[in-house]
Amino acid sequence: MFNSTKRFLKKIARIDPKNTSQNIGGSTISSPQIPEPTILPQDEPIAPLYKEEELKKELYESIFECYPDIKNLNINIVSTKIYIGNGRYDDKYYLNVTWENGVSECRINSIVNCILTDYLDDARGNVNKSMIRPQLIRMFTEEVILQVSQKYANCIAQNLPINMHNIHCFKVGEVPIYDLAIGELRLMNEVK
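Residues numbered from 1 in each chain as written. Predicted model: local features only at pLDDT ≥ 70, side-chain atom pairs only at ≥ 80, totals over all residues. Heavy atoms only, no water.

**Student:** Hey, could you go over the packing of aromatic side chains for me, with residue numbers and the actual values?
**Tutor:** Taken as a whole and judged by the stated rule, the model has one aromatic pair. Here Tyr83 and Tyr89 contribute two aromatic rings whose centre-to-centre distance is 5.1 Å and whose plane-to-plane angle is 65°, an arrangement assigned as edge-to-face. The exposure class of Tyr83 is partly exposed, given its relative accessible area of 47%. Residue classification places Tyr89 among the partly exposed positions, given a relative accessible area of 25%. (Phe/Tyr/Trp six-rings, centres within 6.5 Å; stacked < 30°, edge-to-face > 60°. Buried < 20%, exposed > 50% of the residue type's maximum accessible area, 1.4 Å probe, protein only.)

**Student:** Account for helix H2 (residues 52-66), with residues named and values stated.
**Tutor:** Taking 1.5 Å as the rise per residue, H2 with 15 residues should run 21 Å; its terminal C-alpha atoms sit 21 Å apart, in good agreement. Among the residues making up H2, those that are buried are Glu52, Leu55, Lys56, Leu59, Ser62 and Ile63. For H2, the arc enclosing every buried residue in end-on projection is 135°, short of the 170-degree limit, so these residues lie on one face. In H2, the exposed residues that point more than 90 degrees away from the buried face are Glu53, Glu54, Lys57 and Glu65. Where H2 is buried, its residues touch strand S3 (71-85), strand S4 (88-100) and helix H3 (105-122). (Helix = DSSP H or I, 4+ residues; strand = E, 2+ residues; numbered from the N terminus. Expected span 1.5 Å × (residues − 1). Arc of directions from axis to C-beta. Contact = heavy atoms within 4.5 Å.)

**Student:** Lay out the pattern of salt bridges with the relevant residues and their values.
**Tutor:** Side chains that differ in charge, positive against negative, can pair when their charged atoms come close. Under the counting rule described, the total for this entry stands at eight salt bridges. A salt bridge links Asp121 to Arg124; its shortest N-O distance comes to 3.1 Å. (Salt bridge = Lys/Arg side-chain N within 4 Å of Asp/Glu carboxyl O.)

**Student:** Just give me the short version of the sheet that holds S4, but keep the residues and values in it.
**Tutor:** The sheet built from three strands is open, its strands ordered S3-S4-S6 with mixed pairing. Edge positions in the sheet fall to S3 and strand S6 (132-139), since each has one partner strand and no second. With direction set aside, neighbouring strand axes in the sheet form an average angle of 20°. Across eight bridges, S4 lies against S6 in parallel orientation. For Trp99, the partnering residue across the bridge sits in S6 and is Arg138. Contacting S4 and S6, H3 crosses the sheet at an angle of about 155° to S6. (Pairing = 2+ DSSP bridges. Axes fitted to C-alpha atoms, helices over the stretch in contact; angles between N-to-C directions.)

Shown next as structure tokens:
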């Protein structure tokens with residue numbers, strides 16, 4: 001009883017030797033312990049997304065058609081491997097869409113979803129919905145951030161001079177002015 005418990009604990013702690021001995025019917029059998037083969041993500045190249053360039057082109061054209069004033073639109077697809085267990089990995093593709101000021105993520109998201117729906121219908125069998133993860137990020141220029149920050153700075157002192165450094169330091173109700181400004185900007189449907 002003690003030996004089997006000891007073997008069990010060694011197995012859990014993974015300190016059992018490479019060769020294991022097992023007593024079967026009065027005879028001892030020695031068998032090598034072979035570790036489970038695992039494929040490291042760097043060993044296997046990630047295939048490019050099916051019709052990747054066509055998808056990016058279609059997204060660019062559709063977003064510009066709906067919002068011709070959008071600035072610094074950037075679309076890229078980053079491929080990676082996600083561990084799913086048993087030494088296996090799945091390919092995942094992050095569809096990153098970034099732009100400056102302009103319309104909200106919600107409005108761009110509706111365009112991205114429409115294009116992805118058509119793309120997935122076309123790519124049936126090659127790509128499934130779980131493989132693509134859209135990430136939409138609206139960035140803000142310093143000018144816009146400082147403009148919105150000024151009204152919060154005026155709560156501290158009228159016409160308080162602000163810059164990108166001190167809006168992180170000045171606080172209204174224990175919250176930095178920068179955080180308040182970014183929070184307000186994120187809620188706006190459109191920033192000009």
